[in-house]
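Understanding the architecture of this molecule
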Amino acid sequence: MSSNHEVNLTTNYLGLKLRSPLVASAGPLCKDIDHIRRMEDAGVSAIVLHSLFEEQIEMESEDLDRSLEAGSQSYAESLTYLPEMGAYNMGPDAYLNHLRKAKEAVTVPVIASLNGNSMGGWIRYARMMEDAGADGLELNVYDLPTDPDFTGAQIEADCINLVKHVVKSVHIPVAVKIGPFFSSIPNMVRRFSDAGAKGVVLFNRFYQPDFDLQTLEVVPDLLLSNSSELLLRLHWTAICYGKVHCDLAITGGVHSAFDVLKSMMAGARVAMMTSVMLRRGIGFVTEIERELKAWMQENEYDSIQQMQGSMSYQSVPNTSAFERGNYMRVLSSYALKSRVM
Ligand SMILES: Cc1cc2nc3c(=O)[nH]c(=O)nc-3n(C[C@H](O)[C@H](O)[C@H](O)COP(=O)(O)O)c2cc1C
């Protein structure tokens, strides 16, 4: 094989054939049609739009007006915690218009993202997104439990139930974007898959606000990721690969061609990016694709599909024993440096 042979970057995700595994994850760049066009020009093979949050929908809805007028104090109070999101997100009509415009502007698939708050809301807006032309739907189930009476089993059952209902309500493929804090990630991924999800996106980042000691206020602190965050995703993707029917996508810490290669070898169908584009510009995606091809040529890979799952745990017969062994090896591999003694 010559070192500059043609390599095939195509991958399949949610039943969509993509020209490469480089996908734009939900984020601020997807809010602007010009940025969306530029992402396609730079080589991004699919675009996940930023999330529509149900609270914004509710704020616009008559139901809410009515409940506020009726003096629904706790709900009214909870709304005071919601930020002025006009600068980041849009209400439902503007979101659906944006989705339509995005579909007109690019030829790559456009996946809409929804963060609901009630079953009715998830289903209603999922359908509207489908009608507006979305090629797929990503359910962003970012919801941190704060009530000690609410058990892990209840949270899991709610999430699965939600996916089942949304999947039944639309014809487009549905992916679920989850955080890393379920007790058993492989069990949850399998149950999402059994509930009809065509993909699971690992993982949303947990945004941890900081305390301002001057003002004694809780302040939002959104730091962009770096490649070290990829390791958690690689680990769980490699464990889940081959044990579930749905596609796996990695989001979080993809910053280079190496990160994309590792994601593929762990078993992901696509490697999603936001932070790297925010930090280095949309054009950097072209550079990542160029390096991806060059590495594959140098290392005699013909296609992305050939490497997907090659470093997964699929061929490890006793994954738990393997994990324990690795854990012990990692702990004992740490060499103490004399200067700290
Ligand atoms: C400013 C910003 C806004 C984001 N908005 C959304 C969103 O609306 N919906 C969502 O599911 N993820 C959102 N994300 C998360 C990203 O899609 C992505 O999962 C996360 O940043 C990890 O990927 P990265 O390491 O490539 O940044 C946002 C991330 C950033 C940095």
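Treat the numbers as computed from the prediction; the structure is a model and nothing was measured.

**Comments concerning the overall build of the protein**
When helices and strands are tallied, the protein shows 14 helices and 12 strands. Every one of the 341 residues in the protein was classed for burial, and the buried ones make up 48%. Taking the contacts inside the protein whose residues are at least 6 apart along the sequence as the reference set, 71% of them involve residues at least 24 apart. Split by element, the accessible area of the protein, about 17800 Å² in all, is 52% carbon and sulfur.

**A closer look at the sheet that holds strand E4 (residues 46-53)**
Around the barrel, which closes on itself, the 8 strands sit in the order E3-E4-E5-E6-E7-E8-E11-E12 with parallel pairing between neighbours. Shown here is a sheet whose adjacent strand axes are inclined to one another by a mean of 25°, direction ignored. Sheet topology places strand E11 (residues 247-251) next to strand E12 (residues 270-273); 3 bridges connect them, and they run parallel. Bridge assignment links Thr251 to a residue of E12, and that residue is Met272. Sheet strands touched by helix H10 (residues 257-266): strand E3 (22-24), E11 and E12. Its angle to E12, the strand with the most contacts, is close to 140°.

**Concerning unusual backbone geometry**
With an omega of -10°, the peptide bond between Leu202 and Phe203 qualifies as cis. In this fold, Phe203 is placed in the loop between strand E8 (199-202) and strand E9 (210-212).

**Considering the nonpolar core**
In this structure, Met39 and Phe192 are the most contacted members of the largest nonpolar core, which totals 87 residues. Core analysis: the next-biggest nonpolar cluster, separate from the first, contains 14 residues, Leu16, Val23, Val48 and Val201 among them.

**Quick notes on the pattern of salt bridges**
All chains considered together, the criterion is met by 8 salt bridges. For Asp135, the salt bridge is made with Lys103, and the minimal N-O distance between the two is 2.8 Å. Within this pair, whereas Asp135 is found in the loop between helix H6 (119-131) and strand E6 (136-140), its partner Lys103 is found in helix H5 (residues 92-105), the two being separated by 32 residues in sequence. Between Glu229 and Arg205 there is a salt bridge whose closest N-O contact spans 2.9 Å. Here Glu229 is found in the loop between strand E10 (217-219) and helix H9 (230-240), whereas its partner Arg205 is found in the loop between E8 and E9, with 24 residues between them in sequence. Residues joined by salt bridges that share partners form a network here, namely Arg19, Glu289 and Lys293.

**Details of the confidence of the model for the protein**
With 87% of its residues at a pLDDT of at least 70, the protein reaches an overall mean of 88. Within the model, pLDDT remains below 50 along residues 70-80, and this stretch shows 8 contacts once partners closer than five positions in the same chain are excluded.

**Some points on the packing of helix H7 (residues 152-169) against helix H8 (residues 185-194)**
Following both chains from N to C, one finds H7 and H8 inclined at 25°, their axes separated by 9 Å at the closest point. As judged from the angle between their axes, H7 and H8 are roughly parallel. Crossing of H7 against H8: the hand is right-handed. Across from Glu156, Ala157, Cys159, Ile160 and Val163 in H7, the residues of H8 making contact are Met188, Arg191 and Phe192.

**Concerning a nonpolar patch on the surface**
On the surface, a cluster of nonpolar side chains totalling about 590 Å² of accessible area is made up of Tyr142, Leu144, Phe181, Phe206, Tyr207 and Leu222. Structurally, Tyr142 can be placed in the loop between E6 and H7. The class for Tyr142 is partly exposed, based on a relative accessible area of 30%.

**Things to note about the side chain of Ser225**
For Ser225, the location among the structural elements is in the loop between E10 and H9. Residue classification places Ser225 among the buried residues on the basis of a relative accessible area of 3%. If we skip the residues at most four places from it in the chain, Ser225 touches Arg205, Gly253, His255, Ser275 and Arg279.

**Looking at the packing of aromatic side chains**
Applying the stated criterion across every chain, the model contains 2 aromatic pairs. When the ring of Trp295 is compared with that of Tyr301, the centres are 5.5 Å apart and the planes differ by 25°; the resulting orientation is stacked. In this structure Trp295 comes out as partly exposed when scored by relative accessible area, which is 23%. Across from the ring centre of Phe284, 4.1 Å away, lies the NZ or CZ of Arg280, which sits over that ring.

About the criteria used
- Residues numbered from 1 in each chain as written.
- Predicted model: local features only at pLDDT ≥ 70, side-chain atom pairs only at ≥ 80, totals over all residues.
- Heavy atoms only, no water.
- Helix = DSSP H or I, 4+ residues; strand = E, 2+ residues; numbered from the N terminus.
- Buried < 20%, exposed > 50% of the residue type's maximum accessible area, 1.4 Å probe, protein only.
- Contact = heavy atoms within 4.5 Å.
- Areas by Shrake-Rupley, 256 points an atom, 1.4 Å probe, with all protein chains shown as cover.
- Pairing = 2+ DSSP bridges.
- Axes fitted to C-alpha atoms, helices over the stretch in contact; angles between N-to-C directions.
- Core = buried A, V, L, I, M, F, W, Y, C linked by side-chain atoms within 4.5 Å.
- Salt bridge = Lys/Arg side-chain N within 4 Å of Asp/Glu carboxyl O.
- pLDDT = per-residue confidence, 0-100.
- Parallel < 35°, antiparallel > 145°, perpendicular 65-115°, else oblique.
- Left-handed = near helix turned anticlockwise from the far one by under 90°.
- Patch = residues over 30% accessible without salt bridge, like charges linked within 9 Å, V, L, I, M, F, W, Y side chains within 5 Å.
- Phe/Tyr/Trp six-rings, centres within 6.5 Å; stacked < 30°, edge-to-face > 60°.
- Lys NZ or Arg CZ within 6 Å of the ring centre and 35° of its normal.

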